[in-house]
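Listed below are the residues making up each chain.
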Amino acid sequence: MTDLYRLLPEEMEQLVIDMGYPRYRADQILLPLYYKFPKQLDDIPQLPKKLREELTAAGYTIGSAKETHRIVSDDGDTTKLLLELSNDNAVETVLMQYDPAKIGGHPRSTICVSTQIGCAMGCVFCATGQMGFETNLKAEHIISQVIHFAEILEKRGEHVTNLVFMGMGEPMANYDEMIRAVKILTHDRGFGLGQRHITISTIGIRSGIERLAEENLQIGLAISLHASNNELRKKLVPTASPTSVEDIIELGRSYFKKTGRRVTFEYALMAGINDSPEIATELARLLKGNGSHVNLIPINPTAGDFKRPSEKSVLEFERILFDAGINCTIRIEKGTEISAACGQLRTDLISKN
Ligand code: SF4
């Protein structure tokens, strides 16, 4: 069985040509796939019945995700779904909406997708990390998370504006499938999302960052740093040792040089662990002068024993970075009350069942 969402538009074209049909038949499949959200080939009536039958006989299907749980935050801005994919895996996907009336700028509907079930990186503060690694998702399973929300939004007269690879799993540890999904989602004959509207978040896998830099794409990169020195980082990200904090800063610098896209360093702030003024000073020293942007994320209460720092210490941490000339923002995780931290809903549901 091959899910048609797996095919790049060029591959779809080759498929119909190989089956003896003119190339325009490919667009008659692609257009509805990404704008009408069919569930089966017979939902594309403009396609000749004979071609639909031949595709079915050759094992081509249209995969879709089934929603099994939905939680919406009190303010309605965050929707978290547990989706059952066509391979029967349960995955978390989140929609975060930003209302310009509250934060200025343009309205945004950002989908946070998962690339793996579980994760092998084992970050001690992350519910997915505590689950361990189960399996990699295929490109079509990553795409079906986006399509599911695109359909929900379309019914409200809205659309997907941004995509972040920050859900369950380490995207660079599933590089080939992740990048195939990115290419289809940004292809102008596929889902057509602008490359600059996509951010890949990684814990700092060197090979993945280097490969992404060579792709000639305008994709945003966020690297999760979480610590100001190697000893602390190893405690928080036990699998981090092959890549030192110095390596990570250097990888960010070369990504910027190659792509022109500035890298964001994500820093999850945990009370009493990595939020002291001394650590902020050490971090400032590490990042000074390289034009980095730091995103401070006071942690959500998750599976571990970690606590969110007080507002006072978050602001103090930010001030130290600012004073050292480091561009810095504080991101309050949306939807704390709905278990929006990655892997938390799945963990909560599994432990209840
Ligand atoms: S924070 Fe990201 S890389 Fe770390 S365990 Fe969780 S999903 Fe994996």
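Residues numbered from 1 in each chain as written. Predicted model: local features only at pLDDT ≥ 70, side-chain atom pairs only at ≥ 80, totals over all residues.

Attention now moves to the overall build of the protein. Helix and strand counts for the protein stand at 13 helices and 14 strands. A compact globule built from 353 residues should have a C-alpha radius of gyration of about 20 Å, and the protein, at 21 Å, falls within 12% of that. In terms of overall dimensions, the protein has C-alpha extents of about 70 × 45 × 40 Å along its principal axes. Here the protein holds 353 residues, and the buried ones make up 44% of them. Across the protein, contacts joining residues at least 24 apart in sequence account for 65% of those joining residues at least 6 apart. (Helix = DSSP H or I, 4+ residues; strand = E, 2+ residues; numbered from the N terminus. Rg over C-alpha atoms; globule rule 2.2 N^0.38 Å. Buried ≥ 20, exposed ≤ 12 C-beta atoms within 10 Å, placed from the backbone. Contact = placed C-beta atoms within 7 Å.)

This part takes up unusual backbone geometry. A positive phi angle, close to 55°, is found at Phe 37, a residue other than glycine. Along the chain, the position of Phe 37 falls in the loop between α2 (24-35) and α3 (49-57). Looking at Phe 37, the number of C-beta atoms within 10 Å reads 16, which means it is partly exposed. Look at His 226: it is not a glycine, yet its phi comes out positive at around 65°. Within the secondary structure layout, His 226 lies in the loop between β11 (220-224) and α9 (230-236).

Looking at soluble globular proteins, one finds that nonpolar side chains tend to be buried together. Membership of the largest hydrophobic core comes to 96 residues, with the highest contact counts inside it found for Ile 143, Val 146, Leu 185 and Leu 321. A total of 7 residues in this core trace back to one element, the largest contributor, which is helix α6 (residues 139-155). Two domains each donate at least three residues to this core, and these are domain 1 (2-61) and domain 2 (66-352). Setting aside residues up to four positions removed in sequence, Ile 143 forms contacts with Tyr 5, Ala 181, Ile 184 and Leu 185. (Core = buried A, V, L, I, M, F, W, Y, C linked by C-beta atoms within 7 Å. Domains from an automatic or database assignment.)

Glancing now at helix α8 (residues 206-214). Those residues of α8 lying buried are Gly 208, Ile 209 and Leu 212. Each buried residue of α8 lies within a common arc of 95° when the element is viewed along its axis, so the set occupies one face. In α8, the exposed positions angled more than 90 degrees off the buried face are occupied by Ser 207 and Glu 214. Among the structural elements, α7 (175-186), β10 (198-202), β11 and α10 (245-259) are those in contact with the buried residues of α8. Residue Asn 216 follows α8 closely and has a positive phi angle near 65°. (Arc of directions from axis to C-beta.)

Right, let's get into the environment of His 197. Mapped onto the secondary structure, His 197 falls in the loop between α7 and β10. Taking the C-alpha atoms as reference points, His 197 and Thr 161, 36 residues apart in sequence, are found 6.9 Å from one another. His 197 has contacts with Thr 161, Asn 162 and Leu 163, leaving out every residue within four places of it along the chain.

Right, let's talk about helix α1 (residues 9-18) for a bit. Those residues of α1 lying buried are Met 12, Glu 13 and Val 16. Seen along its axis, α1 keeps its buried residues to an arc of 100°; they face one direction. α1 presents Glu 10 and Asp 18 as exposed residues on the side facing more than 90 degrees away from its buried surface. Of the surrounding elements, those touching the buried residues of α1 are α2. Phi for Gly 20, located one or two positions after α1, is positive at around 90°.

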